[in-house]
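Chain by chain, the residues:
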There are 2 protein chains.
Amino acid sequence: MGRVSHVGIFGAGSIGTAFALLFADAGFAVRIFDPDPSALERSRHVIDQRITELQRFTLLASNPSEVRELIEIVSSARTAASGAILVQEAGPEDVQTKQHIFEDLTAVTSDETILASASSAIPSSRFVDVHSAFRSLIGHPGNPPYLLRVVELVGNPSTEEQTILRAGQLYEQAGLSAVRVNREVDGFVFNRIQGAVLREAYALVGAEIIDPMDLDTLVQDGLGLRWSVAGPFATVDLNVRGGITAHAERMGSAYHRMAGALDTSKEWTDTLVAKVNCSRRKAVPLEQWDQAVADRDTQLMKQLNARTSNGGTTRD
Amino acid sequence: MGRVSHVGIFGAGSIGTAFALLFADAGFAVRIFDPDPSALERSRHVIDQRITELQRFTLLASNPSEVRELIEIVSSARTAASGAILVQEAGPEDVQTKQHIFEDLTAVTSDETILASASSAIPSSRFVDVHSAFRSLIGHPGNPPYLLRVVELVGNPSTEEQTILRAGQLYEQAGLSAVRVNREVDGFVFNRIQGAVLREAYALVGAEIIDPMDLDTLVQDGLGLRWSVAGPFATVDLNVRGGITAHAERMGSAYHRMAGALDTSKEWTDTLVAKVNCSRRKAVPLEQWDQAVADRDTQLMKQLNARTSNGGTTRD
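Procedures and definitions
- Residues numbered from 1 in each chain as written.
- Chains lettered and ligands numbered in written order.
- Predicted model: local features only at pLDDT ≥ 70, side-chain atom pairs only at ≥ 80, totals over all residues.
- Heavy atoms only, no water.
- Pairing = 2+ DSSP bridges.
- Helix = DSSP H or I, 4+ residues; strand = E, 2+ residues; numbered from the N terminus.
- Axes fitted to C-alpha atoms, helices over the stretch in contact; angles between N-to-C directions.
- Buried < 20%, exposed > 50% of the residue type's maximum accessible area, 1.4 Å probe, protein only.
- Parallel < 35°, antiparallel > 145°, perpendicular 65-115°, else oblique.
- Contact = heavy atoms within 4.5 Å.
- Nonpolar A, V, L, I, M, F, W, Y, C, P; charged D, E, K, R; others polar.
- pLDDT = per-residue confidence, 0-100.
- Phe/Tyr/Trp six-rings, centres within 6.5 Å; stacked < 30°, edge-to-face > 60°.
- Right-handed = clockwise from strand over helix to strand, strands pointing away.
- UniProt positions renumbered as here; feature names shortened; annotations may be inferred.
- Buried area = accessible area lost by both parts, 1.4 Å probe.
- Salt bridge = Lys/Arg side-chain N within 4 Å of Asp/Glu carboxyl O.
- Polar contact = N/O pair within 3.5 Å; in protein donor to acceptor, adjacent residues only side chain to side chain.

### Some details on the sheet that holds strand β2 (residues 30-33) of chain B
All names here are of chain B.
Here comes step 1: The strand order β3-β2-β1-β4-β5-β6-β7-β8 describes an open sheet built from eight strands, whose pairing is mixed. Strand pairing shows two members of the sheet lacking a second neighbour, β3 (71-73) and β8 (177-181), which therefore form its edges. When strand polarity is set aside, the average angle formed by the axes of neighbouring strands in this sheet is 25 degrees.
Here comes step 2: Relative to strand β7 (residues 150-155), strand β6 (residues 136-141) runs antiparallel, the two sharing five bridges.

Structure below.
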C-alpha cells in the first residue's frame, strides 16, 4: 500500500465490525479498537463468520485470508486512530459518550484524518470537538452495514467540503453508495423515510384497517421488492407512461387527499405497540430472535448475489 | 379440470394480461376479453413474451405450452364472464367506466361468480352494481402484478364475508399473497404506504436536503432492499434486541419528533416536480423509458428467483 495509511475503527460492535470488514475487503489496512476487550474478542469471531458467509454468496471482493490479515485488533484508541486516513466512530448512540470519543480522537489524530460518526440520529454538531469539527461528519450506514451497502454523509456547519468529498470517495472505495445529505435534519434521510412508513403503518393498524403481519406481507412482496430495484421516484416514474410529470399530474392530489384520512401524528400507545408486538412474537418468539436476524441476513445475501448475477439460475 | 369452471378477465392491458398469466400458470382455464380488439392482439404477444422471461428465471410453475393453451382470447364479455368462478376486472381507472362494466358483468353472471376489480384507488362501493355488490370486491395487485405477487382485498359494505374468503383462496392458488384490508379507505394500504414515502421524499427534495437520485439510491440499496426481505414491523423488530416493544420505547418519540421538522402536507409544486423530473430524465430519457421498465422487470425476476433459491450461486 506504500504511503497510503490505514482506516481506524472506534467501536467493535456490529456496526464497527461491519465497517472493518468492508474496508479490509476493499484492500485497506484496518485497525479496530474498543474500550471493552470482550467486544474485541467477539469482533474477531464475527469477522471470521461474516467472511465465510459473504464468500458463500460470492459477495467478497478479495481473498478471505487477505481480508483477515488486513484487520488488526489494537489495544488503544491512539493506535487505531493515529495516522489514519479516516476514523469511523461506531460507539453508543449517546451524546456525552460521543463527545468524549471525539475529544480523544482529536487529540491523537492530525488534521489529515477524517473523523466520521455512525450516529443514526444525533447530528454531529452536538458532539464534535471544536478543533476537529472541520474534518468531522456523520457517515450513517444502514443496518446491517455489511449488507445494506449505503451510507449517508451529513456535515455539521463547520465541516469542510473537502472532508465530505474525501469521505465519500473512501466509502465508495469500500463498496458503499455514499449519499449526500445537505444539512443536519432530525433522522437524516434514511430514518425519516423509515419513520414516514412506520407512522402510516401504526396508524393503519391502530384504525384496525389491516393486521400487522398483512401489512408486512404487502410491503415485503410488493412495495419493498419494487423499491429494492427502483427507489421511490424511479418507481413512480416507471409506473406511468410520461414519467414523473405525468404521475404527479395524475396522482399528486390523490396522494395528498390520502394523508388527511388518518392521523399519523399521534404517539403510538402502549396498547397499539402491544398489538404489533403480539403479532411479531407469534411469528418469532424472542428466543428465536437471533435466528430470525441470521435468516434475514441470509435473505439479504441472496438478494445481493442476485443483483450482480447474469440472468436466471436454474434450481433443479 | 372436471366441473371446476374458469376465471374470466375483463380488460387486456398489462394488469389483465398479468392476471391471465398467473391464473393459467396455476392451472386455471382463463378467458380474457377486451372491448378493444387491438388490445387483445397485443395481449397474446405479451403473454408469449412473459412466459419466455418467467421460464428463463424459473418463475413458471407449469409447462409454457400448457399455460398458453389455458388462456383463451374471447370476443364478448359474456363468453369471458359467464360461468366463471371469478371475473377479474382490469379496465380503466374511471368510476363511470367501471360502473358500466360491473352492470354488464352482473347481467351475464350468476350469483356464484365473484366480481373483483383491480381498481388501485377507487373504492368498489362507488361502482358496483346493487344486485351483485355482495359478490363484488377490490382485488388490487401491485404493478407489475406478474412480478409483485401480492393483492389487497377490500370489500364494500355489502360484500359478503364468504366472497372475500373465496377470492383470497383463488388468488393464493394463483401464487399471490392475498392481504385483507378491513374497510374502504382512500388509497387502500399499498398506495397509502407509497404515498407516505412520496410525500416525505418530495418534502426532503423541496427543502434541498437531498437530491432525488441520492434519495432513490438510499432506498434502493438500503431501506428497500431490507423491506424486500422484512416488512416495516419485522424490520424494526429485528433491529433492536427486545423487538417491537424495545424499539417503540427507544425510538417512538424520535420518529414523532421527525415528523414535525418538515411539512409533508404541501401539494407538490410544478417547480418541485420539474426538479425531480429533470433528475429522472437525465438518468432515463423518455425515449428509453420502455427499456427502463423492461430492465426493472428483469431485476425483479432476478430477485424473485433468488428468494426461492438455495444458498449462493457462483458467478465465475
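### Looking at the environment of Glu160 of chain B
Residues and elements named next belong to chain B.
Here comes step 1: Here Glu160 lies in the loop between β7 and α6 (161-173).
Here comes step 2: A relative accessible area of 43% places Glu160 in the partly exposed class.
Here comes step 3: Between the C-alpha atom of Glu160 and that of Arg44, which follows or precedes it by 116 residues, the distance is 35 Å.

### Section: the packing of helix α9 (residues 232-239) of chain B against helix α10 (residues 243-261) of chain B
All names here are of chain B.
Here comes step 1: Two elements in contact, α9 and α10, have axes whose closest approach is 7 Å; the angle formed by their N-to-C orientations is 85 degrees. Accordingly, the angle class assigned to the pair α9 and α10 is roughly perpendicular. Listed contacts from α10 to Phe233, Val236 and Asp237 of α9 are Gly243, Ile244 and His247.
Here comes step 2: Class assignment of the residues belonging to the contact of α9 with α10 gives a composition of three nonpolar, two polar and one charged.

### Some details on the confidence of the model for chain A
Here comes step 1: Considering every residue of chain A, the mean pLDDT works out to 94; 97% of them sit at 70 or more.
Here comes step 2: With pLDDT under 50 throughout, residues 312-316 of chain A is counted as low confidence; its partners more than four residues away or in other chains account for ten contacts.

### Quick notes on the packing of aromatic side chains
What describes a pair of aromatic rings is the distance from one ring centre to the other and the angle between the planes of the rings.
Here comes step 1: If you walk through the whole model with that rule in mind, you get 19 aromatic pairs over all chains.
Here comes step 2: Judged by centre distance (6.0 Å) and plane angle (45 degrees), the rings of Phe19 of chain A and Tyr171 of chain A are tilted. Linking Phe19 of chain A in helix α1 (residues 14-25) with Tyr171 of chain A in helix α6 (residues 161-173), this pair joins segments that are 152 residues apart in sequence. Across the pair, exposure class does not vary: Phe19 of chain A and Tyr171 of chain A are buried alike.
Here comes step 3: A ring pair is formed by Tyr202 of chain B and Trp268 of chain B, whose centres lie 4.1 Å apart and whose planes are at 25 degrees; its orientation type is stacked. In this pair, Tyr202 of chain B sits in helix α7 (residues 190-206) while Trp268 of chain B sits in the loop between α10 and α11 (270-283), placing the two residues 66 residues apart along the sequence.
Here comes step 4: Assessed through its relative accessible area of 10%, Trp268 of chain B is described here as buried.

### Focus on the pairing of strand β2 (residues 30-33) of chain A
All names here are of chain A.
Here comes step 1: Note that strand β1 (residues 7-10) and β2 share four bridges and pair parallel. Looking at the pairing, Val7 lines up with Val30 of β2.
Here comes step 2: Where the polypeptide runs from β1 across α1 and back to β2, its parallel neighbour, the crossover connection is right-handed.

### Section: α9 of chain B
Here comes step 1: Most of α9 of chain B sits out of view: seven of its eight residues are buried.
Here comes step 2: The complete set of buried residues in α9 of chain B reads Pro232, Phe233, Ala234, Thr235, Val236, Asp237 and Leu238 of chain B.
Here comes step 3: Those residues of α9 of chain B hidden inside the fold are in contact with α7 (190-206), α8 (212-227), α11 (270-283) and α12 (289-308) of chain A together with α8 (212-227) and α10 of chain B.

### Topic: the packing of helix α10 (residues 243-261) of chain A against α11 of chain B
Here comes step 1: Two elements in contact, α10 of chain A and α11 of chain B, have axes whose closest approach is 8 Å; the angle formed by their N-to-C orientations is 145 degrees. From α10 of chain A, Gly243, Ile244, Thr245 and Ala248 of chain A reach across to α11 of chain B, where they touch Val273, Val276, Asn277, Arg280 and Arg281 of chain B.
Here comes step 2: Residue composition of the contact of α10 of chain A with α11 of chain B, grouped by class: four nonpolar, three polar and two charged.

### Some remarks on the UniProt feature "domain: 3-hydroxyacyl-CoA dehydrogenase NAD binding" (unreviewed entry) in chain A
Here comes step 1: Summarizing the sequence annotation, UniProt attributes the feature "domain: 3-hydroxyacyl-CoA dehydrogenase NAD binding" (unreviewed entry) to residues 6-182 of chain A in the numbering used throughout.
Here comes step 2: For the annotated span residues 6-182 of chain A, helix accounts for 40% and strand for 20% of the residues, and the straight-line distance between the end C-alpha atoms is 28 Å.

### Details of the sheet that holds strand β8 (residues 177-181) of chain A
All names here are of chain A.
Here comes step 1: Overall, mixed pairing links the eight strands, which are arranged β3-β2-β1-β4-β5-β6-β7-β8 in an open sheet. Each edge of the open sheet is held by one strand with a lone partner, namely β3 (71-73) and β8. This sheet shows a mean twist of 25 degrees between the axes of neighbouring strands, independent of strand direction.
Here comes step 2: Both β1 and strand β4 (residues 86-89) contribute to a ladder of four bridges, which runs parallel. Paired with Gly8 across the two strands is Val87, which belongs to β4.
Here comes step 3: Of the strands in this sheet, β1, β2, β3, β4 and β6 (136-141) touch α1, which is tilted by about 170 degrees from β2.
Here comes step 4: Each of β4, β5 (114-117), β6, β7 (150-155) and β8 is contacted by α6, which is oriented at about 155 degrees to β8, the strand it contacts most.

### Considerations on the interface of chain B and chain A
Here comes step 1: Opposite the 113 residues of chain B that make contact, chain A presents 113 residues.
Here comes step 2: Roughly 11,500 Å² is buried in total at the junction of chain B and chain A, and carbon and sulfur atoms are behind 63% of that figure.
Here comes step 3: For the pair chain B and chain A, the number of links is twelve salt bridges.
Here comes step 4: Notably, a salt bridge pairs Asp237 of chain A with Arg281 of chain B, separated by 2.7 Å at the nearest N-O pair.
Here comes step 5: At the boundary of chain B with chain A, the tally comes to 48 residue pairs in polar contact (both at pLDDT 80 or more).

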